[in-house]
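Examining the three-dimensional arrangement
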Amino acid sequence: MNRVYLDHNATTPVDPEVLDAMLPYFSGEYGNASSIHTFGQKARAAVETAREQVAALIGARPQEIVFTSGGTEADNHAIFGIAGAAAAPSSQAHGPSTDAATLSPSLGVPSFSRDVTHAARERLQFTQKNEGPPKVLPLPRIITAAIEHEAVLNTCQALEKRGISVTYLSVDRDGQIDLQALRNSLREHPETVLITVMHANNELGTVQPIEEIGQIAAEADVYFHTDAVQSAGKIPIDVNAFKLDLLSLSGHKLYAPKGIGALYIRGGTRLRQLLYGGHHQRGFRPGTENVAGIVGLGKAAQIAKASLAEDAKRVAALRDTLERTLLQRVPDSRVNGAGAQRTPNTTNITFPGIEGEALVIALDLKGLACSTGAACSSGAVEPSHVLTAIGLPAEDARASLRFSLGRHTTPADIDFALPVIPAAVAYLRELSPTYHKGAKAEVHS
Ligand code: PLP
C-alpha cells in the first residue's frame, strides 16, 4: 500500500546523510568523548564539530550550546534552571556558566556579567521601599503563553506547586500573544525573572513576534527563553537579533534521531543545573555524551542551514496547494491560525461534524498519516489546549486535524492526499447525526 506521511511535526525521518555521518560512531569510532586517548579524542573532536554546526544554525557561539536528551529536557533545564537560580540564596544560586571568558576544560567559573535574577530582587526591593513597610519578598514569577507545549506548561505547573507564580498569557484567534499584555504583566510583577514563549507552535505552526518579545524582555532585564523545537531548521533563527538568553531545540524534528537535543545558554546566564554527575559539558549537563546522536544533530543542523530557504519555499507551495484545495473541496472547512505568520510546513484545519481521531484512523486506513494535534497528547480525550486557547469550541477543536509536510514531501504525496481527505470527511459526516442535524436545521430555517 502506498503510504504518505504528513506528520513531520510529530517526528521526521533521519536524513540519509545524517545517518551516514552517525554510523561510524556506533562501531569503529566508539570512544568516550571524555577519554584522553585517541579513541576519546576522535569522539571529542566530533562532538565539538557538532557543537559548532548547531551554534551556526542559530547564530550562537559553540560554547553556548549544551547537548541534551531532547526538547523536553532542554525546556525543563531552561525553566527549572532560571527559577532555581532566582529562588536560591545568591551564594547558592548559580551553576556553571557558558560565558566564553570563564571557559575551562572542566567546570566553568560563574561569571557576573548579567544577573537578571539579582536585578529582579533589586526591582522588588526598590518597589517595596517606596510602598511602605517591608513585606516578605514574593517568590520569582515566570511569564509564559497558554499555547506552549506540555514540556513548558507542565514544567511551569510543577514550579507552581513549589510556590513560584506563573502568568499564562492568552492568545488571539491566530495564536499570537498580546505584547501589551506582556508589558503590563512585567510592570505589575517586578518579581518576574523569565519569559518563556515558544517560537513556532507545534499544532498551528504559528510564529510568535519573537524579536518584539526579546526587546521587551531586554528592556525589563528579564531572561528570555524560547522553545524553538518546531521552528529550528524551518525558519531562520538568530539568538542575537531575537535577544534570546535560552533556546531549546530537538533533533528528531529536524531529521536527526530521537533522544538528542540542545539548549542554547547565552554566556553569563545564571541557571541551576538540572542533573548532577560528572564534569561532562563543563558541568552543565553531566552524563556521557551521546556521541552518535550529537554528530547526527550537528549534521542535521548543517544541512538545515544550507537548505532552509529553498526547502521553505518548496514546502510552503505544497502546503498552500493542499490547504487551498481542501478548503474548496470540503464544505465548511476552516484553517486555524491562518492570519499569523506560520512555519511553511504546517496547516491545521477544522472539518466540522467529524471526530478528529476517527478521521485520523480513516485516513491511516487509506495510507495517509496525519495528526489531531501534538503527538504526545494523542489518545487524550480532552480537546487540544492550543485550539481551545485560540477560541475554538471544544467540538470544533475535536474536529481539527494537523497536516505537517517535510523536506521530502513531493507533489505526488499531495496529489495522493487531496482526494483521500474530502472522501473520508464526507464518509464520516454521513455517519454523524450531529452534522446532519445541523445541516437540516440550516435548510429548514
Ligand atoms: N516543544 C515542542 C514545541 C514540541 O513540539 C515538542 C515535541 O513534540 C517538544 C517540545 C518536546 O521535544 P522532545 O520530543 O525532543 O522531547
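About the cut-offs
- Residues numbered from 1 in each chain as written.
- Predicted model: local features only at pLDDT ≥ 70, side-chain atom pairs only at ≥ 80, totals over all residues.
- Heavy atoms only, no water.
- Axes fitted to C-alpha atoms, helices over the stretch in contact; angles between N-to-C directions.
- Helix = DSSP H or I, 4+ residues; strand = E, 2+ residues; numbered from the N terminus.
- Left-handed = near helix turned anticlockwise from the far one by under 90°.
- Contact = heavy atoms within 4.5 Å.
- Nonpolar A, V, L, I, M, F, W, Y, C, P; charged D, E, K, R; others polar.
- 1 Å grid on protein atoms, 1.4 Å probe; cavity = no way out; pocket = protein on both sides within 12 Å on 5 of 7 lines; lining within 4 Å.
- Points joined across faces, edges and corners; volume = space filled by probe spheres on them.
- Near = heavy atom within 4 Å.
- Polar contact = N/O pair within 3.5 Å; in protein donor to acceptor, adjacent residues only side chain to side chain.
- Areas by Shrake-Rupley, 256 points an atom, 1.4 Å probe, with all protein chains shown as cover.
- Pairing = 2+ DSSP bridges.
- Expected span 1.5 Å × (residues − 1).
- Buried < 20%, exposed > 50% of the residue type's maximum accessible area, 1.4 Å probe, protein only.
- pLDDT = per-residue confidence, 0-100.
- Phe/Tyr/Trp six-rings, centres within 6.5 Å; stacked < 30°, edge-to-face > 60°.
- Lys NZ or Arg CZ within 6 Å of the ring centre and 35° of its normal.
- Salt bridge = Lys/Arg side-chain N within 4 Å of Asp/Glu carboxyl O.

It is at 8 Å that the axes of helix α2 (residues 38-58) and helix α8 (residues 291-329) come closest, and there the two elements cross at 35°. Remark: the crossing between α2 and α8 carries left-handed chirality. Taken together, the residues of α8 that come into contact with α2 (itself represented by Ala43, Ala46, Val47, Ala50, Gln53, Val54, Ala56 and Leu57) are Val291, Ile294, Val295, Leu297, Gly298, Lys299, Ala301, Gln302, Ala304 and Lys305. Grouping the amino acids of the contact of α2 with α8 by side-chain chemistry returns 13 nonpolar, three polar and two charged.

A few words on empty space enclosed by the protein. Evaluation of the coordinates by the stated rule reveals one cavity of 30 Å³ or more. Of the volumes computed, that of the largest cavity is approximately 190 Å³. Lining the largest cavity are 18 residues, with Gly233, Lys234, Tyr255, Asp311 and Arg407 positioned closest to its centre. Among the residues forming the lining of the largest cavity, the class breakdown is nine nonpolar, five polar and four charged.

Okay, the site of the ligand next. As a structural note, the neighbourhood of the ligand is formed by 13 residues, with Gly71, Thr72, Asp227, Ser250 and Lys253 the closest of them. A distance of 2.8 Å separates an oxygen atom of the ligand from a polar atom in the side chain of Gln230. The contact in question runs from an oxygen atom of the ligand to an N or O atom on the side chain of His252, over 2.9 Å. Here the ligand has 390 Å² of accessible area as a free molecule, and 88% of this is covered by the chains. Here the shell around the ligand gets three residues from one element, more than from any other, and that element is helix α3 (residues 71-87). Taken together, the residues of the shell around the ligand break down into two nonpolar, eight polar and three charged.

Now for the sheet that holds strand β5 (residues 192-196). Strand order in the open sheet formed by seven strands is β2-β8-β7-β6-β5-β3-β4, and the pairing between neighbours is mixed. Only two strands of the sheet have a single partner each, and these edge strands are β2 (65-68) and β4 (165-169). Averaged over all pairs of adjacent strands, the angle between their axes in this sheet comes to 20°, without regard to strand direction. Alignment of β2 against strand β8 (residues 261-265), held across four bridges, turns out to be antiparallel. Bridging across to β8, Thr68 finds its partner in Gly261. In the packing of α2 onto the sheet, the strands contacted are β2, β7 (246-250) and β8, and the crossing angle to β2 comes to about 110°.

Attention now moves to helix α12 (residues 411-431). End to end, α12 covers 31 Å across 21 residues, agreeing with the expected 30 Å (1.5 Å per residue, within 8%). Burial in α12 covers these residues: Ile414, Phe416, Ala417, Leu418, Val420, Ile421, Pro422, Ala424, Val425, Leu428 and Arg429.

Moving on, we get to the confidence of the model for the protein chain. For the protein chain, per-residue confidence averages 89 on the pLDDT scale, and 85% of positions sit at 70 or higher. Counting contacts from residues 99-114, a segment whose pLDDT is below 50, to residues more than four positions away or on other chains yields 40 contacts. The low-confidence segment residues 440-445, where pLDDT is below 50, has zero contacts with residues more than four positions distant or belonging to other chains.

Here we come to the packing of aromatic side chains. Applying the stated rule across the entire model yields one aromatic pair. The interplanar angle of 25° and the centroid separation of 5.3 Å between the aromatic rings of Tyr30 and Phe39 together place this pair among those described as stacked. Note on Tyr30: relative accessible area 55%, which makes it exposed. For the cation-ring pair, Arg407 lies above Tyr255, with the distance from its terminal atom to the ring centre recorded as 4.2 Å.

A few words on the environment of Val335. Within the secondary structure layout, Val335 lies in strand β9 (residues 334-335). In this structure the C-alpha to C-alpha distance between Val335 and Thr350, which are 15 residues apart in sequence, comes to 6.4 Å. With near-sequence residues (within four places) excluded, Val335 lies in contact with Glu323, Leu327, Arg342, Thr347, Asn348 and Ile349.

Turning to the pattern of salt bridges, a few remarks are in order. The final tally for this structure, using the stated rule, is 15 salt bridges. Here Arg3 and Asp364 are joined by a salt bridge, their closest N and O atoms 3.4 Å apart. With Arg3 in the segment before β1 (4-5) and Asp364 in helix α9 (residues 356-366), this residue pair connects regions lying 361 residues apart in the sequence. Note on Arg3: relative accessible area 52%, which makes it exposed. On the basis of relative accessible area, Asp364 is assigned to the partly exposed category, the value being 37%. Arg342 is the partner of Glu323 in a salt bridge, and the nearest nitrogen-oxygen pair spans 2.9 Å. Taken as a pair, Glu323 in helix α8 and Arg342 in the loop between β9 and β10 (346-350) lie far apart in primary sequence, 19 residues in all.

Okay, the sheet that holds β10 next. Strand order across the open sheet formed by three strands is β9-β10-β12, with antiparallel pairing between neighbours. Both edges of this open sheet fall to β9 and β12 (400-404), since each of them pairs with a single strand only. As paired strands, β9 and β10 are joined by two bridges and run antiparallel to one another. Bridging from a neighbouring strand, Val335 pairs with Ile349 of β10. Sitting on the sheet, α8 is in contact with β9, β10 and β12, with an inclination near 10° to β10.

Below, the discussion takes up the side chain of Thr343. Turning to its location among the elements, Thr343 is positioned in the loop between β9 and β10. At a separation of 3.3 Å, a polar atom in the side chain of Thr343 contacts the side chain of Thr346. Setting aside residues no more than four positions away along its own chain, Thr343 makes contact with Ala200, Gly205, Val207, Gln230, Lys234, Ile235 and Arg319.

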